[in-house]
Amino acid sequence: MTNLSRLSIDNTNLTSTGIGKGGVSDDDVIALSPKLDSLRNRIQKWIDSRQPTILNLPFTNNLEEIKEKGQDIAHNFKRTVVFGIGGSSLGGEMLVRTLGDSTPKNTVSFYDNVDPSTMVELETVDWHETLLLVISKSGNTAETLSQFLTILPVMEHDLGFSKAKEHILFITENKEGALYQLSKELKIEVIEHPPVGGRFSVLSVVGLLPAYVGGVDIEGVMEGARSMVQRCATKNILDNPAFYNGAVQYLHAEQNRTISVVMPYADNLRFVVNWFRQLWAESLGKIDKNGVHKGLTPTEAHGVTDQHSQLQLLLEGPDDKLVTFITDPGFRFRGRRIPMQFKDIPAIAPLAGHTIGELFLAELKATRTTLSRRGRPNRTLALLERDAYALGELIILLEMETIVVAELMGVDPFDQPAVEESKVLTREYLSDISSVSDLI
Ligand code: PA5
């Protein structure tokens, strides 16, 4: 197993070396280490387990089966429409939008909302050349079921009753769930969802199948993921990227820096933030065993665009944030060069002769420096564009950091007890639709 990393992690500006007073020291991190002993033991068990767990997914997945199914789909269809929500769509969409082929043999599009104005797009899909992939671990999610049940008649109309079934595939786990029952009644093929929570399922068939169909190098992703799992099992906290980064973020949160701003300087990495927001919010926002409300708020800013929107707040607003930059060092050599022709105009002089990519990275560096000078913690994660291996590393790093922070905060990262109430209420309100109309 190689430990060679393609993901660069620069934590200097989380520490006292980078930001002075208010930065975290190695001694602070080492002092926290014993609190993570129990998690260390569990991690080893997860890795060694024969059952799929989030940490052994990169080792136990049968990639050949996923690839075979993906090839089959790509061969038979030109387009794949994915229905799913939360953990059933964000991971796959991140992989496809970050690493997917720009001209794939099969275009993969994700529908994770029930906005009727968006759903109307599906009326014009050519179902003759399209596969519908419906993903729901529970098989009972109202949004996903409603999407499927409303589009099924359209497919049956276009393709005929029996042919329509050949254009539908389910991924689900719960044998008692509605999706499973529908598969039996309608004779629709089912792929088993592994027994891992939705937001930790990206490296299973849930994320990998749509990714493969969309042209992603899933072997590269898994190779990077495996290497990061090995690093996350390292005992010394200073050498373990996830334990170190998790501990440091926890220590900053203890100083009231409870807002985690993720700021990609790379448009195609925005989908990483969408995925991460769910991971961080749904895993950490909980009531602990003493009844205390815990959680760190994930939020998003885009470089450079939001320098003209949120940067002022990050620099001079409340000192309650920690910024994670994600970028691509390869930008330096990309983009057109700004011509020298107008270099005598003062505002153009510093730009002339530089590539757009150089400008992008210079702006990132300026943002980092101005934050650090004000003692505002920030870190930079860097990976090359379309580097599947590095994205695999990043996925495991962010998942493991989340688990480490949850352990230190004393909450269970794998459940989401509170969202159930809203699901129950939705069903109740639907039973008396006039009450919904009253509200709006
Ligand atoms: O991470 C989670 O567990 C949730 O976001 C679920 O993925 C989401 O609620 C969808 O659930 P399901 O896959 O059961 O349809």
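Read on for an overview of the structure. (Residues numbered from 1 in each chain as written. Predicted model: local features only at pLDDT ≥ 70, side-chain atom pairs only at ≥ 80, totals over all residues.)

A word on the sheet that holds strand S5 (residues 168-172). The parallel open sheet is built from five strands, whose spatial order is S3-S2-S4-S5-S6. The outermost strands of the open sheet, each flanked by one partner alone, are strand S3 (107-111) and strand S6 (189-192). Strand-to-strand twist of the sheet, defined as the mean angle between neighbouring strand axes without regard to direction, takes the value 20 degrees. The pairing of strand S4 (residues 130-135) with S5 spans four bridges and is parallel. If you follow Leu 133 over to S5, its bridge partner there is Leu 169. In this fold helix H10 (residues 178-186) packs onto S4, S5 and S6, with an angle of close to 145 degrees to the strand it touches most, S5. (Pairing = 2+ DSSP bridges. Helix = DSSP H or I, 4+ residues; strand = E, 2+ residues; numbered from the N terminus. Axes fitted to C-alpha atoms, helices over the stretch in contact; angles between N-to-C directions. Contact = placed C-beta atoms within 7 Å.)

With that settled, the discussion passes to the sheet that holds strand S12 (residues 378-382). In any sheet, the strands associate via hydrogen bonds between backbone groups, in a parallel or an antiparallel arrangement. Strands sit in the order S1-S12-S11-S7-S10 across an open sheet of five strands; the sheet is mixed. Two strands bound the open sheet, and with one partner strand each, they are strand S1 (8-10) and strand S10 (297-300). Neighbouring strand axes in the sheet, compared pairwise and without regard to direction, differ in orientation by 20 degrees on average.

Quick look at the pairing of strand S11 (residues 321-327) now. Burial within S11 is extensive, with seven of its seven residues counted as buried. Every second residue of S11 is oriented toward a common face, with Lys 321, Val 323, Phe 325 and Thr 327 on one face and Leu 322, Thr 324 and Ile 326 on the other, all of them buried. Pairing between strand S7 (residues 259-265) and S11: seven bridges, direction parallel. Pairing of Tyr 265 across the sheet is with Thr 327, part of S11. Handedness of the β-α-β unit built from S11, helix H16 (residues 356-373) and S12 comes out right-handed. (Buried ≥ 20, exposed ≤ 12 C-beta atoms within 10 Å, placed from the backbone. Right-handed = clockwise from strand over helix to strand, strands pointing away.)

Moving on: the site of the ligand. In the vicinity of the ligand there are 14 residues, among which Gly 86, Gly 87, Ser 138, Thr 141 and Gly 198 approach most closely. Looking at the shell around the ligand residue by residue, the classes come out as one nonpolar, ten polar and three charged. (Near = placed C-beta within 6 Å. Nonpolar A, V, L, I, M, F, W, Y, C, P; charged D, E, K, R; others polar.)

This next bit is on unusual backbone geometry. Across the junction of Gly 303 and Val 304, the peptide omega takes the value -5 degrees, indicating a cis bond. The residue Val 304 is located in the loop between S10 and helix H15 (311-316) in this model. In this structure, Asn 256 takes a positive phi of about 75 degrees despite not being glycine. Along the chain, the position of Asn 256 falls in the loop between helix H13 (241-254) and S7. On the basis of neighbour counts, which here come to 11 C-beta atoms within 10 Å, the residue Asn 256 falls in the exposed class. One non-glycine residue, Arg 386, lies in the positive phi region at around 60 degrees. Residue position: Arg 386 is located in the loop between S12 and helix H17 (388-409).

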